Structure formats: structure tokens, C-alpha cells
Amino acid sequence: MSQTNSATRDRSLVRGAAEAVALIRPGATLMVGGFGLVGAPLTVIEALCESPDARDLTVISNNLGEPGRGLGRLLLEGRVRKAIGSYFTSNPDVVRAHAEGRLEIDLLPQGTLAESIRAGGAGIGGFYTKTGLGTLLGEGCEERVIRGERYLFRESLHADVALVRARVADELGNLVYSKTARNFNPDMATAADLVIAEVDEIVPVGALDPEAIVTPHLFVDHLVLSTTARGAGK
Amino acid sequence: MSDVQNRIAARVVPHIPPGAVVNLGIGIPTLVADHLPDADAVFLQTENGLLGVGPTPAPEDVDPDLVHAGKQPVTARPGASYFASSASFGMIRGGHVGIAVLGALQIDAQGRIANWALPGKPVLGVGGAMDLLVGAKRVIVATTHTAKDGSAKIVAECTFPLTALRPVDVVVTEAATFTVENGELVLVDLADGVTLDWVREHTAAPFRTALRNPARHEESIDHA
């Protein structure tokens, strides 16, 4: 499903937000970058809320936004069936949707979430971690003793589509991030069949310092210019 | 934040040596940064992807892309670096973060803590607590000695879900400091004006007493 992005380019990667999200089908599994609203692709999420096919979604993201904002709006629109992440209590709408049986939640320790995504993007089926051992979140996990210590097995994660946010892209799709808005974005950009990157700016090929590129272009399928203010902290 | 919370944060400071890489949890642990005598001498790591957290910016200097794990605006010190979440937790689980300062709901007699979930409530948030507890070289708990209802937080066995099987290294409250040695709590310090009897009354777990500065405490007990 991923487009060959290293071949000769006959077409720009740049899409309108609505055009990009039209590729998302009902029942899709999405990875969405961001730590709360910081580094979340808010323009693409807004377009998702307007796209009728974006429903019955499984969303892999650290949080589900804030009330009515970012993924919090997608939830209120009734588009999210299941959420996989590490911290949902900061959005009371999520707690309510879960209590009312409208939202399934799979809670992972934040480091396990990040590593599951990294591993999924790197072709790794799963990994062993000590995190969660002997806790409610480790129940049911396979165990193994490595160098005398107990570890839990965790499967990696993969998505149909990743929605990520970067500061700047070049026309090939190389990405550079901004400060702590980087967070889950580079990992998610590796772990989906189709990757849509929302950016503030698109520059010509050659304008980015190769040493500064965090996500090489072969991971990125489409670029969307951001039209929303960056998501601030609380 | 209250006076008590700031007193607890200040009592954590002597446990942080110069040059340490430190991750501060949300709540009282975050306040520790304000009490460090030389903040340049400590490297603060935040799990959302920054090593070298600096002070809170003035309102006009807030950058929406620059926050700590509590999602509050911060700055980056000279020498800071940014990294992805997977790398950040690689640092944490991999033992590269020297000290984690965490809050706690309960601490058991072996020094294990519960700090992420309440019994009988849906479990919807954990964040980085489990990874920090498993991976940091040393873990310091910064907490009020008792819960809001006055009940003991230091208990024989946690009734709240445990965060990890790994015991913490130090427990700092406004009244006392315990270390965890060979699976038992050891009372090593009393705050000024606090008596051993007060700690005994407000601690529901067995502990050994080995005060590091008994003379000072005898004096404070006399004045209590």
C-alpha cells in the first residue's frame, strides 16, 4: 500500500487536507502523533472530522487530545471505536465515552507504547520489557527470564495510516521537527502503510541540512500544509 | 502549590548530587526544580523528549512546541537535546537516567509504590510511571506523609495497584525520610519539630530507625 517514494517523482506529495484524509477508510487503524495537542497534526484531524468515511476508527496515540480539540473532537464526533495509548485521564470526554461503553481502551505504559511503534516500523514482531511486570498492565503477557531477570513480551504495533506533524518538509518528504513537538511523530512515521505529514513549511530539495533530517523521505507519502495554530500545552 | 508541597520538594534536594540526570514526575516532584541550589549542575530529562529542561518562560516567551511531561511550558538550557519518544524511553528503561523523582499514593513496607491507579476505578492513564520505576538507577518518592483524609500512605501492603515490583530507594515526606535497605524501610531523618512518635502514629508499615543526625532530633523533640 505504501507508495514508492524513492523512485523518480512525477507528482508532488502535497495534498489538501481533505484530499489526504479521503484515503482513510471506515474501520482503519490510525497512528496520530502528539503529546496532548503538542505536535498533533491538528489541520489533518480537523479534516478527518469532516470526512464521512473516517469512522469506526482505532486510534493509536498517547492521548485522545483535549475536550473538543484535536483527537478530542474526533471522539466527540463519534468516529473513534478504540483507542490505544498511555494517558487518557486528562480528557474527561474519554473517561465518559469509556464508562458509557462507546469507547474501547487498550492502555499501555508510555515507553511500551513508544517501543511498540518503533518496533512495528522496524519490522520487529515484538520485544521483551520489564515495564509492567507484576502490575495490572502486565496481566496475560507471556514472560521470559533473560540474564536472570523477568521480562514481559509485547507485540509491536502497525497502522494503516499514520498522521504526523513536523515543522518543515522538503519536496521529497524529508522531515525536520520542532522541539518537544517531535515526541511520537518520527516513530509513527515509520510504522504505517500510508504516512501523511502535516507541516508548517515546504522547502525545495536541498534546502534541508542532511544532518538535521530526522525522518528520511522514504517514510512519507503525502504532505499537508498546516493551517491551524500549533497545539500549546495546558 | 502549597507550603507543605514545597517543603517536601526542598527536602528532596540533598538527595540529588551535582551532575545527575534527573526525571521529575508530575506534582510535588516538579517543584524540586525550583529548589535546586544550582539548577545548571543538574540535567533534567522529560520523557516527552528533552534533556536539559530549563525554567518556566515568561508568558510572552512561551513556545507552544516546548513543554514538559506535565504539558506546562518550559525552556531548553544550553546543551539541551530533543529526541523522539522511543529514544526517550530507551534512556529511561536502559538505565541512563540517574534519578527519577515520583509521587505516590501508597508505599508498602518493602518500598514498593502505587502511584497510577485507584482500586475499583477504570484504569485509563499510566503515562511513563512504570517505565521510570523500572528503569531509573535511583527512584526517590516525594509525597505527603498522609493522604488528604489523614490516613497513612506508608502501609504494610498497598491496597492500590502497584506501579512496579521494584522498590524505590528513598521516600521523602514533609515529616520524615526513609531509605529502603534490603527490603525494609529505614527511618533516617525527621524534619525539624517532628517527633519519632508522630511518625510512628502516622506510618502504617513497620520500619527500622537509624537516624543519621540524632542529636538534632533530640533537640527538636525537646522543643516539640
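Scroll up for the structure.
Residues numbered from 1 in each chain as written. Chains lettered and ligands numbered in written order. Predicted model: local features only at pLDDT ≥ 70, side-chain atom pairs only at ≥ 80, totals over all residues. Heavy atoms only, no water.

**Student:** Help me understand the sheet that holds strand β10 (residues 175-176) of chain A in this model?
**Tutor:** Sheets are built from strands that pair by backbone hydrogen bonding, the pairs being arranged parallel or antiparallel. Residue and element names in this part refer to chain A. With mixed pairing, three strands are arranged side by side in an open sheet as β10-β9-β12. Looking along the sheet, the strands with just one partner apiece sit at the ends: β10 and β12 (201-203). For strand β9 (residues 168-170) and β12, the ladder comprises three bridges, and the chain directions are parallel. Looking across to β12, one finds that A169 is bridged to I202. (Pairing = 2+ DSSP bridges. Helix = DSSP H or I, 4+ residues; strand = E, 2+ residues; numbered from the N terminus.)

**Student:** Explain the pattern of salt bridges here, please?
**Tutor:** Two side chains of opposite charge can pair, provided their charged atoms sit close to one another. Residues and elements named next belong to chain A. In the structure shown here, the tally under the stated rule is 27 salt bridges over all chains. Between E46 and R73 there is a salt bridge; the shortest N-O distance is 2.5 Å. Highlighted residues: E46 in helix α2 (residues 42-49) and R73 in helix α3 (residues 71-76), separated in sequence by 27 residues. For E46, a relative accessible area of 29% gives the class partly exposed. Counted as one network, the salt bridges with shared partners bring together E46, E50, R73 and E77. (Salt bridge = Lys/Arg side-chain N within 4 Å of Asp/Glu carboxyl O. Buried < 20%, exposed > 50% of the residue type's maximum accessible area, 1.4 Å probe, protein only.)

**Student:** What exactly am I supposed to notice about the side chain of D63(B) here?
**Tutor:** With respect to the secondary-structure elements, D63(B) resides in the loop between β3 (50-54) and β4 (75-82). Only 2.6 Å separates the side chain of D63(B) from the side chain of K179(A), close enough to count as a polar contact. In contact with D63(B), not counting residues within four places along its chain, are K179(A) and R230(A). (Polar contact = N/O pair within 3.5 Å; in protein donor to acceptor, adjacent residues only side chain to side chain. Contact = heavy atoms within 4.5 Å.)

**Student:** Got a minute to help me understand the nonpolar core in this structure?
**Tutor:** Considering soluble globular proteins, one finds that nonpolar side chains tend to be buried as a cluster. Residue and element names in this part refer to chain A. In this structure, I24, L30, L64, L103 and L163 are the most contacted members of the largest nonpolar core, which totals 38 residues. The element that contributes the greatest number of residues to this core is α2, accounting for five residues. Residues in contact with L163, not counting those within four places in the same chain, are I24, L30, M31, V32, G33, P41, V44, L48, N185 and I196. (Core = buried A, V, L, I, M, F, W, Y, C linked by side-chain atoms within 4.5 Å.)

Read these as geometric descriptors, not functional statements.
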